[in-house]
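Tertiary structure, described
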Amino acid sequence: MSDEEVGREAVAIRVLLADDEHLIRGALAALLALEDDLTIVAEAASGPEALAMARAHRPDVAVLDLQMPGLDGVRVAATLRESLPECRTMIVTSHGRPGHLKRALAAGVRGFVPKTASAEQLAEIIRTVHSGNRYVDPELAADAISAGDSPLSAREAELLELAADGAPVAEIAKKASLTQGTVRNYLSAAVAKLGADNRHAAARMARQRGWI
């Protein structure tokens, strides 16, 4: 490696890519690696792996898929804000619902980008985020403003998420360390707030709006 290459490597923005779709992640890594000021230091295929890679390689920017096995991108970002605050985070997603954007911003995410963005656009957004600025896709931002805030409490959202795949009350209560009666009360409140027919319909509605 020449002195010029060593110098470029030293000032390059160190990037972690996390996406459970290997083909997309590999293609993105190859395209971003063509940028002189970006270096892909690690890749991950799940939320827990993204955390492990971030702690091991200490990237400047973590580019996180929203939906990953183990932990979603927002939860990874929230954890990194506490354990690795110098690492800026951004979400790249094909599921850009308003509630997802609001959760991401609350977790300290600096960029929220649809997967329809080109590699050149993504590279520029990585630079923007690394410099301390924020980037949110304008269309997603407009949708979030028009959708309003979730009416659900944090506990109601948590239990609805557990109910989303059809789990019985007893299983939800065990996972949440609550009594079955308490779970029923929270789920009934959530159903009423959303005007749904039952907890399963409420969970679908909340998921569609990005509230869980």
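Provided above is the structure to which this section pertains.
Read on for a plain summary of the structure.

Let us look at the pairing of strand 5 (residues 111–114). Alternating positions in strand 5 separate into two faces, Gly111 and Val113 on one and Phe112 and Pro114 on the other, with burial throughout. In the sheet, strand 4 (residues 88–93) pairs with strand 5 via four bridges, with the strands oriented parallel. Bridging across to strand 5, Thr93 finds its partner in Pro114. Judged from the two bridges that link them, strand 5 and strand 6 (residues 135–136) form a sheet pairing that is parallel. What sits directly across from Gly111, in strand 6, is Tyr135. This β-α-β element, strand 5 to helix 6 (residues 119–130) to strand 6, shows left-handed connectivity.

The next thing to look at is unusual backbone geometry. Of note in this structure, Arg58 is not a glycine but carries a positive phi near 50°. As for its placement among the helices and strands, Arg58 is situated in the loop between helix 3 (47–57) and strand 3 (61–65). Here the phi dihedral of Ser177 falls at roughly 55°; this positive angle occurs in a residue that is not glycine. By the element assignment, Ser177 lies in the loop between helix 9 (169–176) and helix 10 (180–194).

Attention shifts here to the sheet that holds strand 5. A sheet is described by the order of its strands in space; here six strands give the open sequence 2-1-3-4-5-6, paired in parallel fashion. Pairing within the sheet leaves two strands with one partner each, and these edge strands are strand 2 (38–44) and strand 6. Helix 3 contacts strand 1 (13–18), strand 2 and strand 3 of the sheet and is inclined by roughly 135° relative to strand 2. Across the face of the sheet, helix 6 comes into contact with strand 1, strand 2, strand 3, strand 4, strand 5 and strand 6 while running at roughly 150° to strand 4.

Once that is clear, we can look at the layout of surface pockets. Of the pockets and cavities examined, the largest pocket occupies roughly 300 Å³. Together, 13 residues line the largest pocket, and Gln67, Asp72, Glu161, Arg207 and Ile212 are the ones closest to its centre. Classifying every residue of the lining of the largest pocket by side-chain character gives four nonpolar, three polar and six charged. Approximately 250 Å³ is the volume found for the second largest pocket.

Criteria and thresholds
- Residues numbered from 1 in each chain as written.
- Predicted model: local features only at pLDDT ≥ 70, side-chain atom pairs only at ≥ 80, totals over all residues.
- Heavy atoms only, no water.
- Buried < 20%, exposed > 50% of the residue type's maximum accessible area, 1.4 Å probe, protein only.
- Helix = DSSP H or I, 4+ residues; strand = E, 2+ residues; numbered from the N terminus.
- Pairing = 2+ DSSP bridges.
- Right-handed = clockwise from strand over helix to strand, strands pointing away.
- Contact = heavy atoms within 4.5 Å.
- Axes fitted to C-alpha atoms, helices over the stretch in contact; angles between N-to-C directions.
- 1 Å grid on protein atoms, 1.4 Å probe; cavity = no way out; pocket = protein on both sides within 12 Å on 5 of 7 lines; lining within 4 Å.
- Points joined across faces, edges and corners; volume = space filled by probe spheres on them.
- Nonpolar A, V, L, I, M, F, W, Y, C, P; charged D, E, K, R; others polar.

Remember, this is a structural readout, not a statement about activity or role.
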